[in-house]
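# Structural features, examined
Read off the chains here:
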Amino acid sequence: MMMEDIESEEVKNLQIEFEWVMRDEVHSILKKLREILVECARRFPVPLYDNEGKRTEKFHLVAAQDQLKCSLTLTGDSITQAEISFKLKRSSSQIQRTAITSEAPWKLQQVQDAANHLQQAINHIDNVDENYKFRSSEEVLQIIGELIGALQRGRTSLIIPKKKSIDDLMKGRNMKSLAPNLPEDQAISFFLQCHKLIIAVYQLLNVQGTVKMEATQAECSVGWLNDVLVLFTVGLTLCQQLKDKMNAFKINSIIS
């Protein structure tokens, strides 16, 4: 067989494989991806894509030497009850106490943000009719790009909390959930980081005329967060594999 014939045969085989991928495999992968994302949605503690809705869990967070203690109830994406006590840096024998009650819950915006991005990813898949015939690799790559974007934003919402200045923390609306209110030189923050729920207490100290900020943290592991992050990662891996396959074809012709 001549070299030209071999190359022609390879191009023909590549075209046949490409058409099969466009006709069958893309839809098969989108279906599998949708199953993973719906399973991910079911793990969220908030109403999302036909899951049962708000779940309630109790957690206990303690820092070293009992510098900070917090017992709390997490209902959906809000802390609906908490007892917080921490030692004051200026006087370790003094303890500051405050609480959160169901009348003024503390909202963990990260949960709702991640849920919104996940819902967006599922919607992108639902917008593709199962009988739709993809015409070009660019078309598939555009959908994959939208899916990867939504899933990365959702995953990042849970892994990397938004940085806030001490001033933003002290003036934040969640601080109004605390009863009694904290003095002006103190602030509290609750946030998620990877599979952990963290409470941080910030205290401003005047040290020889210089204002210094001291922070104390306590954390606990949250089971459903771990599951959600694993499923986000599995979904992203599947998207990346399809993206790599589409890029490997390097065929830009529109299929008739």
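So, a few notes on the structure that sits alongside this text. All values derive from a computational prediction rather than experimental measurement.

Quick notes on the rules
Residues numbered from 1 in each chain as written. Predicted model: local features only at pLDDT ≥ 70, side-chain atom pairs only at ≥ 80, totals over all residues. Heavy atoms only, no water. Helix = DSSP H or I, 4+ residues; strand = E, 2+ residues; numbered from the N terminus. Buried < 20%, exposed > 50% of the residue type's maximum accessible area, 1.4 Å probe, protein only. Contact = heavy atoms within 4.5 Å. Core = buried A, V, L, I, M, F, W, Y, C linked by side-chain atoms within 4.5 Å. Phe/Tyr/Trp six-rings, centres within 6.5 Å; stacked < 30°, edge-to-face > 60°. Salt bridge = Lys/Arg side-chain N within 4 Å of Asp/Glu carboxyl O. Disulfide = S-S within 2.5 Å.

### Section: the overall build of the protein chain
Scanning the protein chain from terminus to terminus reveals five helices and nine strands. Mapped from its N terminus to its C terminus, the protein chain presents α and β elements in the order α-β-β-β-β-β-α-α-α-β-β-β-β-α. A burial count over the protein chain gives 43% of its 256 residues as buried. Counting only contacts in the protein chain whose residues sit at least 6 apart along the sequence, the fraction spanning at least 24 positions is 62%.

### Some thoughts on the nonpolar core
If you look at the biggest cluster of nonpolar residues, it comprises 76 residues, and the most contacted ones within it are Phe44, Leu72, Ile84, Leu118, Ile188 and Phe190. In this view, Ile188 contacts Ile84, Phe86, Thr98, Trp106, Met175, Leu178, Leu182, Ile199, Ala200 and Val201; residues no more than four positions away in its chain are not counted.

### Observations regarding the packing of aromatic side chains
All chains considered together, the criterion is met by three aromatic pairs. Where Phe44 meets Trp224, the ring centres are 5.7 Å apart and the plane angle is 45°; that geometry is what we call tilted. Taken together, the residues Phe44 in the loop between α1 (3–43) and β1 (56–62) and Trp224 in helix α5 (residues 223–249) connect sequence positions 180 residues apart. Looking at Phe44, the relative accessible area reads 0%, which means it is buried.

### Observations regarding the pattern of salt bridges
For the structure shown, the criterion picks out nine salt bridges. Salt-bridge contacts for Asp126 lead to Arg34; the nearest nitrogen and oxygen are separated by 2.7 Å. Taken together, the positions of Asp126 in helix α2 (residues 109–126) and Arg34 in helix α1 put the pair 92 residues apart, joining distant regions of the chain. When its relative accessible area of 37% is taken as the criterion, Asp126 is described as partly exposed. On the basis of relative accessible area, Arg34 is assigned to the partly exposed category, the value being 28%. Here Lys107 ties to Asp77 by a salt bridge, and the two come within 2.5 Å at their closest N and O atoms. With Lys107 in strand β5 (residues 106–107) and Asp77 in the loop between β2 (68–75) and β3 (78–88), the pair connects residues that are 30 residues apart, well separated along the chain. Residues joined by salt bridges that share partners form a network here, namely Glu39, Arg42, Arg43 and Asp227.

### As for the state of the cysteines
Evaluated as defined, the whole model comprises zero disulfides. For Cys70, which is in no disulfide, the shortest distance to another cysteine sulfur is to Cys220 and amounts to 8.5 Å. Residue Cys70 is classed as buried on the basis of its relative accessible area of 0%.

### Quick word on the environment of Ile198
By the secondary structure assignment, Ile198 is in strand β8 (residues 196–207). For Ile198, a relative accessible area of 2% puts it in the buried group. Spatially, the C-alpha atoms of Ile198 and Ser221 are 8.9 Å apart, while their sequence positions differ by 23 residues. Contacts of Ile198, omitting those with residues within four sequence positions, involve Leu61, Ser189, Phe190, Phe191, Gln193, Gln217, Ala218 and Glu219.

Any functional reading would require information beyond the geometric quantities listed.
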